[in-house]
Amino acid sequence: MRGKRLVKSQLEESGKYAVFQNSMTPLGYYHESNVQADTTFIISAGSAGEIGYSNYDFWAADDVYYFVTPENFKSRFLYYFLLTQQNKISGQVRKASVPRLSKTVFEKMLIPIPSLDEQERIVAILDKFDTITTSISEGLPKEIELRKKQYEYYRNLLLTFPNNNIE
């Protein structure tokens, strides 16, 4: 489904629902949502071809396609599957002054639908992997900085001698 246009004057600087328009960074906020949580979406203009998933209700503007999945199909599974197709999707973006992605790109896509149990198993594994890699990219630099500070502390402690004046 395609989102619904909001004009800039309707946007709020902060609010309950993020508004996605032409990138994964919210354009602003709005007091209503038009898409429920647990939804996969694709940006169709600007950062066309970017694939997102939201655990929260949000507002999809008119340059966002979002997927309403049937009961036998997990939205998070669809998200991971579409990520495997990222190069194919990005390759179909029309390069113009404003890059655009036609919905026919993913409408024609054949998507495997394993059993719900199998989808849940796959999603659990990929979520765990995502958590680990995010932790490494965010947590590792912080851990390195903490270790440097610890090193500096002990180095200074070891190299600080009592001021015994020997005369």
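Residues numbered from 1 in each chain as written. Predicted model: local features only at pLDDT ≥ 70, side-chain atom pairs only at ≥ 80, totals over all residues. Heavy atoms only, no water.

Please clarify how the layout of surface pockets should be interpreted in this entry.
Here the idea is plain: a probe the size of a water molecule rolls over the atoms and shows the empty space left. What the largest pocket holds in volume is close to 260 Å³. Of all elements in the fold, only β6 (64-66) and α3 (104-107) reach the threshold of two or more residues within the lining of the largest pocket. (1 Å grid on protein atoms, 1.4 Å probe; cavity = no way out; pocket = protein on both sides within 12 Å on 5 of 7 lines; lining within 4 Å. Points joined across faces, edges and corners; volume = space filled by probe spheres on them. Helix = DSSP H or I, 4+ residues; strand = E, 2+ residues; numbered from the N terminus.)

What's the story with the packing of aromatic side chains in this structure? I'm lost.
One pair of aromatic rings is described through two measures. These are the centre distance and the angle between the planes. In this structure the tally under the stated criterion is 9 aromatic pairs. Summarising the aromatic geometry, the rings of F41 and F58 are spaced 5.0 Å apart at their centres and angled 45° between planes, so their arrangement reads as tilted. Within this pair, whereas F41 is found in strand β3 (residues 39-43), its partner F58 is found in the loop between β4 (51-54) and β5 (59-60), the two being separated by 17 residues in sequence. Judged by its relative accessible area of 2%, F41 is buried. An aromatic cluster is defined as three or more aromatic residues linked by ring pairs; in this entry it consists of F20, F41 and F58. The ring of Y53 has R76 sitting right over it, with the charged end atom 4.5 Å from the ring centre. (Phe/Tyr/Trp six-rings, centres within 6.5 Å; stacked < 30°, edge-to-face > 60°. Buried < 20%, exposed > 50% of the residue type's maximum accessible area, 1.4 Å probe, protein only. Lys NZ or Arg CZ within 6 Å of the ring centre and 35° of its normal.)

Where do I start with the sheet that holds β5 in this structure?
In any sheet, the strands associate via hydrogen bonds between backbone groups, in a parallel or an antiparallel arrangement. Reading across the sheet, the 3 strands line up as β2-β1-β5 and stay open at both edges, with mixed pairing between neighbours. With partners counted over all chains shown, the strands left at the sheet margins are β2 (28-30) and β5, one partner each. Judged from the 2 bridges that link them, strand β1 (residues 17-20) and β5 form a sheet pairing that is parallel. The residue bridging F20 from the neighbouring strand is A60, located in β5. (Pairing = 2+ DSSP bridges.)

What exactly am I supposed to notice about helix α1 (residues 75-84) here?
Every α-helix winds through 3.6 residues per turn, so residues three or four apart in the chain are directed the same way. Counting buried residues in α1 gives 8 out of 10 residues, a clear majority hidden from the surface. All of the buried residues along α1 are S75, R76, F77, L78, Y79, Y80, F81 and L82.

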